[in-house]
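# Understanding the architecture of this molecule
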Amino acid sequence: MSDVILFHVEEGMARLTLNRPARLNAFNAELAHAWRDVTHEATSRSDVKAILIDAVGPAFCAGGDVIDMSTTMGSGAEITALAEVINSGIRSLTESAVPVVAAAHGTTAGGGLGILLSSDYAVVGSRSRLGSLYANIGLTPDLSVSAQLARAVGQRRALQLVLQDRLLTAEEAVEWGLVAEAVSGADATDEADAVRARAEEIARFWLAGAADAYGHAKRLVRSQPERTFVEQLSEEARSIGASLETPEAQARIAAFASSAARAGR
């Protein structure tokens, strides 16, 4: 894989690391295609049960590399095509039955919000700032921001973010439900390390538990908007029946029943 995104799988966890620190991990064409490729691989491998997304440098992701786009792309059609490449990777994550945690230290802005929202659990640092900022350069939201932001924080808050020149603090992002938690560090570098460590702890928790069940629970919640209420109930019923027959569930249910029997005595 290209070195603009690092990819490593170990003990069931795939780590995807954005690696354009000099450009605040903003997406150019090279990163877009690498992102699509590694997300497709991570979500299609049977040995991957959890995915962690992090980044090198002082920021998580500044969205699209506007400077690069202004010098290498001459039309809106080219930008649209590049966004669709990144969208393919976003869909790989959100449509998969693999839980995803993001370690989003520093700043997350523009399309970077879409990358963060593609995770199922996001950790930031206490110094982190998160915002839209598209309109500052005359652009509209992309990379799933308009699709996922309102689902995460509600329509009114989503509009507050995309219609203002505003960066949320870490505390506000937690309060809004945009991210799950914020951790602190002695300085920016220490804090980035703490964010990564906490995200890895979450991924390890999934791996140490009923990993497939966590993954399909994520799938049920993520895919719910595609179904009516009745259809969702049917999918839940189908899914729990299928999970009951897995070796993982059989072993855990037997252990639970044995423990309950001993406690009853």
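## Quick word on the environment of arginine 15
Within the fold, arginine 15 resides in strand β2 (residues 13-18). Once the C-alpha coordinates of arginine 15 and aspartate 54 are considered, the two residues, 39 residues apart in sequence, prove to be 7.5 Å apart. Setting aside its immediate chain neighbours within four residues, arginine 15 contacts Leu6, Phe7, His8, Leu52, Asp54 and Glu200. Within the structure, the side chain of arginine 15 is placed 2.6 Å from the side chain of glutamate 200, a separation counted as a polar contact.

## Quick look at unusual backbone geometry
Unlike most non-glycine residues, glutamate 11 shows phi in positive territory, near 50°. With respect to the helices and strands, the residue glutamate 11 is situated in the loop between β1 (5-10) and β2. For asparagine 25, which is not a glycine, the phi torsion comes out positive at approximately 60°.

## Digging into the packing of helix α1 (residues 29-44) against helix α3 (residues 76-95)
For the pair α1 and α3, interaxial distance at closest approach is 8 Å and the crossing angle is 20°. Between α1 and α3, the angle falls in the class roughly parallel. Note that α1 runs across α3; the crossing there is left-handed. Across the interface between the two elements, Ala29, Ala32, His33, Trp35, Arg36, Thr39, His40 and Thr43 of α1 pack against Leu82, Val85, Ile86, Ser88, Gly89, Ile90, Ser92 and Leu93 of α3. Class assignment for the residues of the contact of α1 with α3 results in 8 nonpolar, 7 polar and 1 charged.

## Section: the pattern of salt bridges
Taken as a whole and assessed by the stated rule, the structure comprises 21 salt bridges. Of the charged contacts in the structure, one is a salt bridge between glutamate 191 and arginine 127, with a shortest N-O distance of 2.7 Å. Of this pair, glutamate 191 sits in helix α8 (residues 188-208) while arginine 127 sits in the loop between β6 (121-125) and β7 (129-131), placing them 64 residues apart in sequence. Here arginine 127 falls in the partly exposed class, since its relative accessible area comes to 41%. The salt bridge partner of arginine 196 is aspartate 193, with a shortest N-O separation of 3.2 Å. With arginine 196 and aspartate 193 both in helix α8 and 3 residues apart, this pair spans about one turn of that helix. Beyond isolated ion pairs, a larger network of salt bridges with shared partners links Glu11, Arg15, Asp54, Glu200 and Arg204.

## A look at the sheet that holds strand β5 (residues 107-109)
Read across the sheet, 3 strands follow the order β5-β7-β8 without closing on themselves; strand pairing throughout is mixed. Two strands lie at the open edges of the sheet, namely β5 and β8 (167-169), each paired on one side alone. The sheet shows a mean angle of 20° between the axes of neighbouring strands, direction not considered. Two elements, β7 and β8, share 3 bridges in a ladder whose sense is antiparallel.

## Comments concerning the packing of helix α5 (residues 145-153) against helix α6 (residues 155-162)
One way to put it is that α5 packs onto α6 with a least axis distance of 7 Å and a crossing angle of 125°. On the basis of their axis angle, the class for α5 and α6 is oblique. Seen from above, α5 lies across α6 with right-handed handedness. On α6, the residues touching Leu149, Ala150 and Val153 of α5 are Gln155, Arg157, Ala158, Leu161 and Val162. Here the contact of α5 with α6 is composed, by residue class, of 6 nonpolar, 1 polar and 1 charged.

## A look at a nonpolar patch on the surface
On the surface, a nonpolar cluster with roughly 250 Å² of combined accessible area is contributed by Val66, Ile137 and Leu139. When you line up the elements, leucine 139 lands in the loop between β7 and α5.

## Topic: the pairing of strand β3 (residues 50-55)
Counted residue by residue, β3 has 6 buried out of 6 residues, so it is predominantly covered. Along β3, one buried face is formed by Ala50, Leu52 and Asp54 and the opposite face, lined by Ile51, Ile53 and Ala55, is buried too. Here β2 runs beside β3; their pairing, made up of 6 bridges, is parallel. Directly across from alanine 14, in β3, lies its bridge partner isoleucine 51. Running through α1, the crossover from β2 to the neighbouring parallel element β3 is right-handed.

What counts and how
Residues numbered from 1 in each chain as written. Predicted model: local features only at pLDDT ≥ 70, side-chain atom pairs only at ≥ 80, totals over all residues. Heavy atoms only, no water. Helix = DSSP H or I, 4+ residues; strand = E, 2+ residues; numbered from the N terminus. Contact = heavy atoms within 4.5 Å. Polar contact = N/O pair within 3.5 Å; in protein donor to acceptor, adjacent residues only side chain to side chain. Axes fitted to C-alpha atoms, helices over the stretch in contact; angles between N-to-C directions. Parallel < 35°, antiparallel > 145°, perpendicular 65-115°, else oblique. Left-handed = near helix turned anticlockwise from the far one by under 90°. Nonpolar A, V, L, I, M, F, W, Y, C, P; charged D, E, K, R; others polar. Salt bridge = Lys/Arg side-chain N within 4 Å of Asp/Glu carboxyl O. Buried < 20%, exposed > 50% of the residue type's maximum accessible area, 1.4 Å probe, protein only. Pairing = 2+ DSSP bridges. Patch = residues over 30% accessible without salt bridge, like charges linked within 9 Å, V, L, I, M, F, W, Y side chains within 5 Å. Areas by Shrake-Rupley, 256 points an atom, 1.4 Å probe, with all protein chains shown as cover. Right-handed = clockwise from strand over helix to strand, strands pointing away.

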